[in-house]
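# Descriptive analysis of the structure
Given next are the chains, with one letter for each unit.
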Amino acid sequence: MVQRIHRRVPPLLAAALVAVVAAGCTRAASSADPADDTGKVTVACGATEEWCAAMTAGFTRSTGLKADFVRLSSGEALARLEAGKDDPEFDVWHGGPADGYVAASSRGLLEPYVSPNAATIPAAYKDVAGAWTGVYAGALGFCSNTRILAEKGVAAPKSWRDLLAPALRRNVAMAHPSTSGTAYAALWTQVQLDGGADPAFDYLAQLHSNILQYTKSGAAPGQMVARGEIAVGVVFSHDCVALQQEGIKDLTVTFPSEGTGYEVGGVALIKGAGNPVTAARYVDWALTPESQQIGPTVQAFQRPTNPAAAVSPYAFDDRAVKLIEYDVAAAGAQKSVLTKRFDQQIAQAPKS
Amino acid sequence: MLDVVEQAPARTPEAAQPPPRRREASVRIALVLCLVLVGLGSVVPIVAVLAKALSPEALPRYADFFTSAVDLGILRNTVVLGLLVGALGTAVGLLFAFVQTRLDVPFKRTLHVIAMIPIVSPPFAVATAAIVLYGRRGVISYGVFGVEYDIYGLDGLVLVLSLSLFPVAYLGLVAMMRALDPAMEEAAMIMGASRLRVLRTLILPLLAPGLVGPFLLLFVEAIADLANPLTLGGDYTVLASRAYLAVIGEYDLTGAAVYSLILLFPALGLYVSQRYWLGRKVRTTVTGKPSGSVHLISSWVRWPVYAVALFIAAVIVSLYGTVVVGAFTEILGVDNSFTLAHLREVVTGPGLSAVIDTAVLAGIATPIAGALGMLIAWLVVRHLRRGSGWLDFAGTLGVAVPGTVLGIGYVLAYRGDRYLGDIPVLPGLVGGGALAGGAAVVVLAYVTRSVPAGLRTGTAALSQLDPHLEEAATNLGASPLRTFRQVTLPLIRSALLTGLSYSFARSMTSVSTIVLLVTPETRIVTSQILGAANTGRYGVAFAYCTVLTVVVLAGFGLIRLLVGRDVPLHRIAESPERPRR
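From a predicted model like this one, the values you see are computed outputs, not experimental measurements. (Residues numbered from 1 in each chain as written. Chains lettered and ligands numbered in written order. Predicted model: local features only at pLDDT ≥ 70, side-chain atom pairs only at ≥ 80, totals over all residues. Heavy atoms only, no water.)

## Thoughts on the overall build of chain B
The secondary structure content of chain B amounts to 23 helices and six strands. Counting the 581 residues in chain B, one finds 62% classified as buried. Excluding contacts between residues fewer than 6 apart, the proportion of contacts in chain B whose partners are at least 24 apart in sequence is 80%. For chain B, the accessible surface area stands at approximately 21,800 Å², while carbon and sulfur atoms represent 67% of it. (Helix = DSSP H or I, 4+ residues; strand = E, 2+ residues; numbered from the N terminus. Buried < 20%, exposed > 50% of the residue type's maximum accessible area, 1.4 Å probe, protein only. Contact = heavy atoms within 4.5 Å. Areas by Shrake-Rupley, 256 points an atom, 1.4 Å probe, with all protein chains shown as cover.)

## Observations concerning the pairing of strand E3 (residues 335-338) of chain B
The pairing of strand E2 (residues 329-331) of chain B with E3(B) spans two bridges and is classified as antiparallel. Across the sheet, residue Thr329(B) finds its bridge partner in E3(B), namely Phe338(B). (Pairing = 2+ DSSP bridges.)

## Remarks on the pairing of strand E8 (residues 211-215) of chain A
All names here are of chain A. Within E8, five of the five residues are buried, which leaves the element mostly enclosed by the surrounding structure. The sheet contact formed by strand E7 (residues 172-175) and E8 spans four bridges and is parallel. For alanine 173, the partnering residue across the bridge sits in E8 and is glutamine 213.

## Focus: the domain arrangement of chain B
Residue and element names in this part refer to chain B. Taken as a whole, chain B is organised into domain 1 (21-54 + 340-565) and domain 2 (55-279 + 299-338). A C-alpha centroid distance of 21 Å is found between domain 1 and domain 2. Each side of the interface is counted separately: domain 1 has 54 residues, and domain 2 has 54 residues. Between domain 1 and domain 2, the buried area comes to about 4,600 Å², and carbon and sulfur atoms account for 75% of it. Counting the contacts that link domain 1 with domain 2 gives one salt bridge. The shortest N-O distance in the salt bridge between arginine 506 and glutamate 221 comes to 2.6 Å. Inspection of the domain 1/domain 2 interface yields six residue pairs in polar contact (both at pLDDT 80 or more). When residues of the side of domain 1 that touches domain 2 are traced back to their parent elements, those giving at least two are helix H1 (25-53), helix H13 (341-348), helix H15 (388-400), helix H16 (403-414), helix H17 (439-464), helix H20 (493-509), helix H22 (525-534) and helix H23 (538-563). For the side of domain 1 that touches domain 2, the element with the highest residue contribution is H23, accounting for twelve residues. (Domains from an automatic or database assignment. Buried area = accessible area lost by both parts, 1.4 Å probe. Salt bridge = Lys/Arg side-chain N within 4 Å of Asp/Glu carboxyl O. Polar contact = N/O pair within 3.5 Å; in protein donor to acceptor, adjacent residues only side chain to side chain.)

## Here we look at empty space enclosed by the protein
Residues and elements named next belong to chain B. Scanning the model with the defined rule gives eleven cavities of 30 Å³ or more in all. Of the pockets and cavities examined, the largest cavity occupies roughly 460 Å³. What lines the largest cavity is a set of 27 residues, and nearest its centre among them are Ser121, Glu221, Asp225, Arg506 and Thr509. Listing elements by their share of the lining of the largest cavity, those giving two or more residues are helix H6 (154-179), helix H8 (195-224), helix H9 (227-232), H20 and helix H21 (512-515). Among the residues making up the lining of the largest cavity, the classes are represented as 16 nonpolar, seven polar and four charged. When residues of the lining of the largest cavity are assigned to domains, at least three fall in each of domain 1 (21-54 + 340-565) and domain 2 (55-279 + 299-338). (1 Å grid on protein atoms, 1.4 Å probe; cavity = no way out; pocket = protein on both sides within 12 Å on 5 of 7 lines; lining within 4 Å. Points joined across faces, edges and corners; volume = space filled by probe spheres on them. Nonpolar A, V, L, I, M, F, W, Y, C, P; charged D, E, K, R; others polar.)

## Some details on unusual backbone geometry
The phi angle at Gln299(A) is positive, at roughly 65 degrees, despite the residue not being glycine. Among the secondary structure elements, Gln299(A) is positioned in the loop between helix H12 (289-292) and strand E12 (303-304). Positive phi is not limited to glycine here, since Phe107(B) has a value of about 60 degrees. Mapped onto the elements of the fold, Phe107(B) is located in the loop between helix H3 (69-102) and helix H4 (108-116).

## Side note on a nonpolar patch on the surface
Residues and elements named next belong to chain B. A surface patch of nonpolar side chains, about 470 Å² in accessible area, is lined by Val347, Leu352, Ile356, Val360, Ile364 and Ile368. In terms of residues, the nonpolar patch owes the most to one element, helix H14 (residues 351-383), which gives five residues. You can see isoleucine 356 is positioned in helix H14. (Patch = residues over 30% accessible without salt bridge, like charges linked within 9 Å, V, L, I, M, F, W, Y side chains within 5 Å.)

## Considering helix H10 (residues 237-245) of chain A
Count 3.6 residues to each turn of an α-helix, and residues three or four apart come out pointing the same way. Residues and elements named next belong to chain A. Turning to H10, its buried residues are Ser237, His238, Cys240, Val241, Ala242 and Leu243. Those residues of H10 hidden inside the fold are in contact with strand E6 (133-145), helix H9 (220-226), strand E9 (232-236), strand E10 (251-254) and strand E11 (262-270). Once H10 ends, the next one or two residues include glycine 247, with phi positive near 115 degrees.

## A few points about the state of the cysteines
All names here are of chain A. Per the counting criterion, the structure on display carries two disulfides over all chains. With its sulfur 2.0 Å from that of its partner, cysteine 45 forms a disulfide with cysteine 52. Between cysteine 45 and cysteine 52, the S-S torsion sits near -90 degrees, and that sign places the bridge as left-handed. For the pair cysteine 45 and cysteine 52, one class covers both residues: buried. Residue pairing for cysteine 143: its cysteine sulfur links by disulfide to cysteine 240, the two sulfurs lying 2.0 Å apart. Of note, the bridge from cysteine 143 to cysteine 240 carries an S-S torsion of about 70 degrees and is right-handed in sense. On the criterion of sequence distance, the pair formed by cysteine 143 in strand E6 and cysteine 240 in helix H10 is long-range, its members being 97 residues apart. With respect to burial, cysteine 143 and cysteine 240 carry one shared label: buried. If one numbers only the bonded cysteines of chain A, in the order they occur, the disulfide pattern is 1-2, 3-4. (Disulfide = S-S within 2.5 Å.)

## With respect to the pattern of salt bridges
Here the structure, examined in full by the defined rule, presents 15 salt bridges over all chains. Its salt-bridge partner being Glu82(A), residue Arg107(A) comes within 3.1 Å of it at the nearest N-O pair. You can see Arg107(A) sitting in the loop between helix H5 (98-106) and strand E5 (110-111) and its partner Glu82(A) sitting in helix H4 (residues 74-83), a full 25 residues away along the chain. What makes Arg107(A) partly exposed here is its relative accessible area of 31%. Where Arg137(B) meets Glu148(B), a salt bridge forms, and the shortest distance between an N and an O atom there is 2.9 Å. Of this pair, Arg137(B) sits in the loop between helix H5 (125-134) and H6 while Glu148(B) sits in the loop between H5 and H6, placing them eleven residues apart in sequence. Residue classification places Arg137(B) among the buried positions, given a relative accessible area of 16%.

## Things to note about the packing of helix H7 (residues 181-194) of chain A against helix H13 (residues 328-347) of chain A
Residues and elements named next belong to chain A. Two elements in contact, H7 and H13, have axes whose closest approach is 10 Å; the angle formed by their N-to-C orientations is 100 degrees. In terms of orientation, H7 lies roughly perpendicular with respect to H13. From H7, Tyr184, Leu187, Trp188 and Val191 reach across to H13, where they touch Ala330, Ala331, Gln334, Lys335, Leu338, Thr339 and Phe342. The residue makeup of the contact of H7 with H13, split by class, is eight nonpolar, two polar and one charged. (Axes fitted to C-alpha atoms, helices over the stretch in contact; angles between N-to-C directions. Parallel < 35°, antiparallel > 145°, perpendicular 65-115°, else oblique.)

## So, the packing of aromatic side chains
The geometry of an aromatic ring pair is captured by two quantities: the separation of the ring centres and the angle between the planes. Applying the stated criterion across every chain, the model contains 17 aromatic pairs over all chains. Geometrically, the ring pair formed by Phe328(B) and Phe338(B) is stacked, given 6.1 Å between the ring centres and 0 degrees between the ring planes. Linking Phe328(B) in the loop between helix H12 (302-327) and E2 with Phe338(B) in strand E3, this pair joins segments that are ten residues apart in sequence. For the cation-ring pair, Arg303(A) lies above Phe316(A), with the distance from its terminal atom to the ring centre recorded as 5.9 Å. Its end group placed over the ring of Tyr184(A), Lys335(A) keeps NZ or CZ at 5.5 Å from the ring centre. (Phe/Tyr/Trp six-rings, centres within 6.5 Å; stacked < 30°, edge-to-face > 60°. Lys NZ or Arg CZ within 6 Å of the ring centre and 35° of its normal.)

In C-alpha cells, the structure reads:
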C-alpha cells in the first residue's frame, strides 16, 4: 500500500505543481494612475507592418516620446485585450476597422477619450461618445484585370449589376462575409442599397454563379486578380492600388455607381492602460494631418479622415465615389443573422 | 494501458515481466520533468480554452453545430482531408524509403536531399507556388498544357499538405527499414518467397508501427494546419480555418473554442484506435543478434517504382524552385526580370533582426523539444504501465490543436503574474512586462508544437528495439538513465535526428501560435512573411522564405554534426542477387 502511494508520487507532484500555477490568481494592476506614466506607449497596431513602424517612428520624431508596437489583426488584438484586461499590456489600439473597436467597446475594453483634435474629424468617421476616432477610410470597389477582361470581352464593371454579366461566369471573387469584414461590408452595402435583406440575397444568389470562390481573407480576391486567375475582385480600393504600386500593371480600379460601402480605421485608448497620459498624446497625434500623411509613403492608400491632411492621388476620391450611409453599429447588430443566412442560402448553393 | 512490452507474451515471455518494481530516481526525475513541461506547455493552456468551450454560454453552440448542415460539412471536410493526407503522405514516405533502402538505382543521395526539402515549409510559400505553377493560370497547368485547373479546394490541399508533411514519414521509415533485420528477408527469399510476398507478409507488418505513427501524425497535422487552408482552401472549409476565422473575422472567442474542442475528437478517436490496434503485436526487430545482409532489388521492377519517386521529386523541386526564383524576380509571372531588391530588404532591413531573433529562440527550443520527445517516448514505451497512454497523448496535444487556439490558451493562462495568496508562483509569460520580454513563452510554444514529432518517431523506433538489449545493460548494473544514454540512444539516433531537425524547422516556420504571443521585444520572421504576403509583396515574402530555408538547412547541418550519423545496423550484400525462384 505504502509502496503504491510511493509510486504515484511523481505524477501527483507534477500535477500539483501545474495546478498551483493554473489556480494562482492574477492581480489587477494598480496602474492606470497618470503618475505612473513612463512616457512610453505600446501600440496594438492593426495596419501593415511597414505602416505601424512608420507611425510609431513618426510619433517619436514629433513628440520625443517613445513608442513600441505589435502588429495584430483586429480579432487577434481583441482576443489579447480581452484576456489581459486586468493588466493591459497595450496603451493604444491603432488601425483596423471600426467594427472591431465597436466590439471592444461593448466588452468594456476601451477608455472613451475625445481628443481635442477630433473636432475636425467628420461625424461619420468617429464614435459620438469618443470610444474610438477614425484615422482613415477605405471604400469598396472592383479590382479588375484588364487582360482577362479583354479576353472575356467585357468592360470593367461600373455597377453592382455589371458583376452579373454572363461573360464573367466563375470569374469574380469576394471574401466570405462571416470571415471577412470586407465582404460583410459588401453584403451590408447590398442590404442598404436594395432596402432590405430579401432583395439583397436575391442579388447575391444571382451573383453566386459568377463567383469562383468566397475567399477567407478580404484582400485575397485582389491577389487572385493580380495573378490573372479571375477577372474581377470585390475589395477595398486601396488594396488594389497597393498591388498596382507593387508593379502589377494590368489592374484597374472602378467603383459601383449605385453607391458603395466603406470601412473606417480607428484609434482608441485601452481601458486601464499603464501609460494613460502618453497614450492620450498618441491619439492626439494620430489625428493630426502630419500623422495621416504617412500612409502613402508605405503603400497604404486609405483616405485620411482629417480634412486638413493632404490626400494621395491614389486614395479614393470622396467626391467622385458615391458612399452609402454606413451605420457601423446597425451593421454589427445584424451580422450573425445575415452571415448565417449567407452560409445556408448562398455559399452552399450549386452554381448554375 | 496498452503497453507494447507488457503485451508481448507470445514471443518473449521474459519481457512480459513488469518493469522493475522500484522506479529509479532518474526515471522519477525524468517523469516529473516531462509532466511539468507538458503540463505547462499544453495541458494548462488547452484547459483554459476548454473552460471557455464548456462555459454555459458555449453549450447551445454544440446543438447548433450538430444540427447545422454547414458545420457538419466542415467536420466532414476536416476528417476527409486528414485521412487523405495521412494516407497519401505516408504512402509517399514509404515509397521514398523503399527506393532509398531496397532499390539498386542511381542518384539515391540526391533523392534523399530532395525528400528532406519539404521539412522546411515556410507558411504560405508552397501553397502560393502551387497556385502560380498549377492553378487556373498556372505556368505549367495553363502555360504548358492549356488547362484552367481550379487548384483551390480539396485536391490542392491534399497535394500541398502531403508533399509538405511526408518527410516525417519518410525519415522515420528509412530509419526503420534500415533497422529491419535482413535475416528474415533472406530466410523468406531462400524459401522461395517472391519480392512482393516478402514485402506484403514480412516488411509491411513489421513496419506497421512505423506506418501508423506517421499516418497519425500526418492526419493530426493536416487537420490542424492553418496556413494552407487559408491560402489554398477556397470554398473548402475545415475546422482549423473555421476556428481561426471565428477569432479573426467574428471576434468570437467562444465560437473558436467550440470549433477547437470538436477538432480534438477526430484526432482523439484515431489516436485511441491506433494504440488499441498496435498495442497487441510484437514488432521488435533490433535484437542485437547477428543477422544477414540486405539484398537490393535489381530486376526491372525497380524502374517503374523509381520513376514514380522521380516524378514526385520533380514536383517538389518545381514548387520550392518557384519560391527561390520568386525571391530574385520582380513579380513572378508579371515582370520576370532579375532583382536583388527583395533580398536586400530582408537582409538589410528590419527583417534581419526578426530572422536572428527567430533563429535564436528556435535554437533554444529545439534541444529541449528533442530531448523531451525522446524522454516521453522512452518513459511511455519502457517504463510506464499505467498512464503511459495519457502521457503520450498529452505530449501529442501540442500539435492536435490549431495553433491559434493554443495561442489563445497561452494568453488566457499566462497573462499576468500568478499569485497564491501573497506568494508569487509564476511570473507572467505573455505580453509586455512578461518574463524575458515574452521570449520565454515563445520558446515554450515552440517546444510544445514540436515535441509530438520527436515523440512519434521516438515511440516508433523504441517499439522496434528488443527490450533485451536494455535489460542486458541493466543487469550489468547500469542505471536506467545510463542505459538510455549508452545503449538506447545510439540505436535510435536517426529518430532523434529526425525529431530535432523537425523541431527546428517547425519552430522556425510556426505562425499561428506565435502571432498572439509576439511583443515589441520579440519579432518573429513568420509574421513578417504574412505581412508581406497579405499586402501582395510576394517577392519579399519569397525572399524571406528563401532566407528562412537557408537558416533551417544550416540548422540541419549543425544538428547532424552534433548528433552524429546513425550506426549502420547491417550490411548490404556485395553483389545484389535476384530473388531466387
